[in-house]
Every structure is written in structure tokens, then in C-alpha cells.
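For reference, the chains in residue letters:
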Amino acid sequence: MSRYRSRPRSTSNRLTTAAIAAVACVCVSAAPVDAATGTDAEPVVSRGVTIPAFYTPPAQLPAANGTLIRQEPLPLGVSLPGLDGRPLPGTATRLMYRSTDSSGKPVAVTGAYIEPSAQWKGDGPRPLVAVASGTMGQGDQCAPSFALQHPLTASEETLSIAYDNLAIYRLLATGAAVVVTDYVGLGATDRLHTYVNRLDEAHAVLDAVRAARDLPGTSLTSGSRVGLYGYSEGGGATASAAELQPTYAPDVQLAGTYAGAPPANLTAVMKGIDGSALVSALGWAINGFSQTYPDLRITEANLNDAGRKALADTSTMCVGESVVRYGFTRSTAWTTSGKSVADIIAAEPRAQAALDEQRIGTLKPSGPVRVATGVQDDIVPHGQARQLAVDWCRKGGNVTYEAVDLPNLGDRILTNHLAPLLTDQGTAISWLTDRLEGKPTVSNCWTMPFQR
């Protein structure tokens, strides 16, 4: 499949209708996309969207993880003038920085830093929160930093809504600075996004902190506390980062980590998303892991023409159009044998072993962590997220576990997964803000036998 150019897609009435509805709902006009200056690279076009040349990595990367490669001003798509002349919620900078992928090789990662206009009123210097976004897709036009500039990207070919911007803006309102990572390959145009790869994502999160500290002209100091915030894919990224911090980034001390709806056990998650509105996430996972792990390429070998087309198609999609195009498809329709993708992987010991290596919960997390999961979540299943909290408790982690108990809002249509994102968001930000202020927290692991 081609990573660098996307073929024109036929117009779908359903996609057009969805785009119009999204415009009406979000009330934000999709801005035209201009190529960024500062590099000589030819801009990439993904599903009709021009990706600024800024996102094309250079041939040579710095030696140290977290080192800034380049930076430029980033206009926020939603911004208001403040009474003191500073924009609200803050001033943003687009970043590219060096990280290390799961193969141990250097990789360029993009993202954004936002210096808040709000004053930090807590104890100590202004803190920093690294935000790991939830699932946005696999096309470069879906990148979280791109979504900060274009909260809605809607056309006949693509549909991306920056739903995590709400959490980012709420964090900025507390006076905390925010750095957002685009993960490996989402935004940066040299490779596919390695979706839910725990090593790639943890490294990208931790190196985003280092890059923000390296950025000149910010109000951050060596004493700035650091917190991590993520939900869904982002919850898995922050959970993994909390586990790997002691060995990968000992210089990044964590005051607190929020991991909402973390995909800690990918075998269970695959079964949850298969046949759901978000079945395209199977395609993103297969694409990313096949790029990195040869033992997981067995899945591609078992695909029929429809399956191969779906993988190629989803590789440039955002969540919006993927739901319209592939929602509620079962992976049995993509395989030559009629078996599900999960069953094919389970039958291949090496492939299953490679997937098992992605399990989160085998290491004690660094610092206080808060795990929240909706008890009705059928996309990122509640049971495996709860198990992560149990695993961490058994390892002596400082764990705050929250089971978000809401009514069943519809089977496998994303509502049971997205509702806790919104209903728990205020509590999650308050918990993290307390950690950034230096307030202690006590583990509630003792309540696990009594919690759902």
C-alpha cells in the first residue's frame, strides 16, 4: 500500500451527510490547509488534504531522545482574544522531535506545545501535562497537532473531529502547560502510524515532555511537575509510559498519570472492536504491527481481496469516514478462511506471542495512577481495563481505580465507550491537577474486590 499518496475515493452520500451533520454540530468551519514553510520537502496529500511540509522528517535525526528537530508557530483553530492581549487559551507551537521506536531505531515524531494564558495558582512553578490523544485514525490528516489548527476536517474524502481538544483546553484553563504527541507515524509522513504499539506510544509521550522542556521561551522550569493524560488509545499510551518511565526516561519524574479506558490487552480489545462501529481499528492495528513485527504479518497472508482493500483503505482514514465506510463489518468477511482476525492470530503461536508482548500491566507504574473504565464499555472492554488496575495493585502501585457506572447506551456503536470520556473528564482533570499541585493521594486498591 502507498504511504505517501492517497488515491481519490468515490464520493459517498453517507459520508457527505455525516460531514454536513458534523459541521452543524461542531459549528466550526473547516479551514483550508496550507503547506508549512521551513523545509524543501514536497507536501504530502492524504485524502485530498495537503499535509504541511513541516511534517516530513529530515534524513538525519539528532542523537538524543526528546531533542527538538524543528518548531514553528501553530495557529489554534479555536482561540479568543484575552483581556490582557494574550490569546485564550494560549499560544501554540508545532513541534518535531526525536524518539525511539519499538525496534530501537530513531524516529521523528510531531506534536504541539501550548503555553497557557491562564496563571498557574497551585504550588510550585507551572506544571506540564503530556496529552496522548484517543483514536484519531491512521491518515496523516488525523494528527492531533493538525486537529488543534483544524478542529474539523470535513470533505467528500475525509472526516476528522478534534474531540480531545476539549480536555486540552480544560487543562490549559488550570494554568498547566500542555504538550500533545502525534505518536509515531501519525502526522510525520515517513511511515504508517503504529496504532496501539505500547512501546512506540510510551516513548513518544515521554519524549514529548523532553521536547517541551527543550523548547525556548516557555515558562517551564526544572522544577515543573509532569502529569500524563490519555483516554482510549491515549489511555494505553499513558499507562505504558508510566510503566516504562523508570527505564526509558528516568529524567521525567511523573507526578500523576490518568489512563482512561486503556487498551491493556489487545487480544480482548480485538474481540471488542470486531463487528463494531470502530472495526477499522483492526485495520490500523494490522497495518502498524505488520510494519514493525514480521510475526504478525501472518494476518495479511490470510486476507482475501476485500481484506487487503480494507487495509489499504483504512491506512489513510480518520475515524469519521472509517465508521461510515466500514462500521459493523466483521473481520470474517476479510479472511480467506472465514475465520476472525483474532482466531487467526490465536492459531499462530508466534503471532500471539508478539501480540502478548504488547500487554500493559506487567510492570509497576511510576508515581500515582488513576485508571477509569466504563462498566458498559464494549469497544475497549471494561474487564481488561479493570484487570490492568488489579495487575498494578498486585505490584504495589499507587492506583486509584474508578468504575464509571452508566446505563447501556447502545451495543457496539461507540456510545458506551465515549460517554465515560465526557462524564469522567472533570473528575480526571481535578485528580491530575491535585497531583500537579503536590497533593498526596492514597491508593484504593483495597476496594478492588468490591468494585465492578
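Basis of the calculations
- Residues numbered from 1 in each chain as written.
- Predicted model: local features only at pLDDT ≥ 70, side-chain atom pairs only at ≥ 80, totals over all residues.
- Heavy atoms only, no water.
- Pairing = 2+ DSSP bridges.
- Helix = DSSP H or I, 4+ residues; strand = E, 2+ residues; numbered from the N terminus.
- Axes fitted to C-alpha atoms, helices over the stretch in contact; angles between N-to-C directions.
- Contact = heavy atoms within 4.5 Å.
- Buried < 20%, exposed > 50% of the residue type's maximum accessible area, 1.4 Å probe, protein only.
- Polar contact = N/O pair within 3.5 Å; in protein donor to acceptor, adjacent residues only side chain to side chain.
- Phe/Tyr/Trp six-rings, centres within 6.5 Å; stacked < 30°, edge-to-face > 60°.
- Lys NZ or Arg CZ within 6 Å of the ring centre and 35° of its normal.
- Right-handed = clockwise from strand over helix to strand, strands pointing away.
- Core = buried A, V, L, I, M, F, W, Y, C linked by side-chain atoms within 4.5 Å.
- Salt bridge = Lys/Arg side-chain N within 4 Å of Asp/Glu carboxyl O.
- Disulfide = S-S within 2.5 Å.

For the protein, an unreviewed UniProt entry supplies the name Lipase family protein and the organism Streptomyces violaceus.

Undergrad: Explanation requested: the sheet that holds strand β14 (residues 369-374) in the structure shown.
TA: Spatially, the nine strands line up as an open sheet ordered β3-β6-β7-β11-β8-β12-β13-β14-β15, and their pairing is mixed. The outermost strands of the open sheet, each flanked by one partner alone, are β3 (68-74) and β15 (399-404). Ignoring which end each strand starts from, the neighbouring axes of this sheet average 20 degrees apart. Both strand β12 (residues 226-231) and strand β13 (residues 254-260) contribute to a ladder of six bridges, which runs parallel. Residue Y229 lies in a different strand from β13, and its bridge partner there is Y258. Strand contacts of helix α3 (residues 165-173): β7 (106-116), β8 (128-132), β11 (177-181) and β12, with the helix running at about 155 degrees to β11, the strand carrying the most contacts.

Undergrad: Would you take a moment to explain the side chain of R210 for this structure?
TA: With respect to the helices and strands, R210 occurs in helix α4 (residues 198-214). Overall, the relative accessible area of 15% leaves R210 in the buried class. Polar contacts involving the side chain of R210 include one to the side chain of D207, which spans 2.8 Å. Among all residues touching R210, those that are not within four sequence positions of it are N65, G66, Y248, A249, D251 and V252.

Undergrad: What should I look at first to understand the packing of aromatic side chains in this one?
TA: We describe a pair of aromatic rings using the distance from one ring centre to the other and the angle between the two ring planes. Scanning the entire structure with this criterion turns up five aromatic pairs. Considering the side-chain rings of Y229 and Y258, the 4.8 Å spacing of their centres and the 40 degrees angle between planes classify their relative orientation as tilted. On the criterion of sequence distance, the pair formed by Y229 in strand β12 and Y258 in strand β13 is long-range, its members being 29 residues apart. Taken as a pair, Y229 and Y258 share a single burial class, namely buried. Their ring planes at 40 degrees and their centres at 5.9 Å tell us that F289 and Y293 sit as a pair that is tilted. Comparing F289 with Y293 shows no difference in burial state: the two are buried. Above the plane of the ring of F54 lies R70, whose end atom (NZ or CZ) is 5.7 Å from the centre.

Undergrad: Is there a simple way to think about the pairing of β15 in this case?
TA: As a general feature of sheets, a regular strand has side chains that alternate between the two faces. Among the six residues of β15, five are classified as buried, and the element is accordingly described as predominantly covered. Two strands pair when backbone bridges link them, and β14 and β15 are joined in this way by six bridges, in the parallel orientation. Following the sheet pairing, G374 is matched in β15 by V404. With helix α13 (residues 382-394) bridging β14 and the parallel β15, this β-α-β connection has right-handed handedness.

Undergrad: Is there a simple way to explain the pairing of strand β6 (residues 90-100) in this structure?
TA: With 10 of 11 residues buried, β6 lies mostly within the body of the structure. With six bridges connecting them, β3 and β6 associate as antiparallel partners. By the bridge assignment, L74 is partnered in β6 with A92. Looking at chain direction, β6 and β7 are connected through 11 bridges and run antiparallel. Bridge pairing in β7 places T100 opposite P106.

Undergrad: It is not clear to me how the nonpolar core should be interpreted in this structure. Could you clarify?
TA: Soluble globular proteins tend to pack their nonpolar side chains together in the buried interior. In this structure, Y113, L128, V179 and W392 are the most contacted members of the largest nonpolar core, which totals 65 residues. A total of eight residues in this core trace back to one element, the largest contributor, which is α4. Contact partners of W392, with chain neighbours within four places excluded, come to A239, E243, I360, G361, L363, P365, V369, V371, G397 and V399. Membership of the second largest hydrophobic core comes to 33 residues, among which are Y195, L266, M270 and A342.

Undergrad: Can you walk me through the pattern of salt bridges in this structure?
TA: When their charged atoms lie close together, side chains carrying opposite charge are able to pair. If you walk through the whole model with that rule in mind, you get 16 salt bridges. For R47, the salt bridge goes to D313, with nearest N and O atoms at 2.7 Å. Residue R47 is found in the loop between β1 (44-46) and β2 (49-51), and its partner D313 is found in helix α9 (residues 305-314); the two are separated by 266 residues along the sequence. D313 matches R47 in its accessibility class, with the two residues each being buried. Ionic pairing is found between R191 and D101, a salt bridge with its closest N-O pair at 3.2 Å. Linking R191 in the loop between β11 and α4 with D101 in the loop between β6 and β7, this pair joins segments that are 90 residues apart in sequence. Accessibility classification places R191 together with D101 in one group, the buried group. What you see here is one network of salt bridges that share partners, running through R47, D313 and E321.

Undergrad: How should I be thinking about the state of the cysteines in this particular structure?
TA: By definition, a disulfide links the sulfur atoms of two cysteines through a covalent bond. Applying the stated criterion to the full structure yields two disulfides. The disulfide partner of C142 is C318, and the gap between their sulfur atoms is 2.1 Å. Taking the torsion about the S-S bond as the criterion, the C142 to C318 disulfide, at about -100 degrees, is left-handed. Of this pair, C142 sits in the loop between β8 and α2 (144-149) while C318 is found in the loop between α9 and α10 (319-326), placing the two residues 176 residues apart along the sequence.

Undergrad: Teacher, can you tell me more about α10 here?
TA: Along an α-helix, a turn takes 3.6 residues, which lines up residues three or four apart on a common side. In terms of residue burial, α10 counts as a mostly covered element, since six of its eight residues are buried. Positive phi appears at F328, one or two residues downstream of α10, with a value of about 75 degrees.

Undergrad: Can you walk me through the side chain of T433 in this structure?
TA: Among the secondary structure elements, T433 is positioned in helix α15 (residues 425-436). Within the structure, T433 has its side chain in polar contact with the backbone oxygen of I429 (distance 2.7 Å). With residues near it in sequence (within four places) discarded, T433 still touches W120 and T174.

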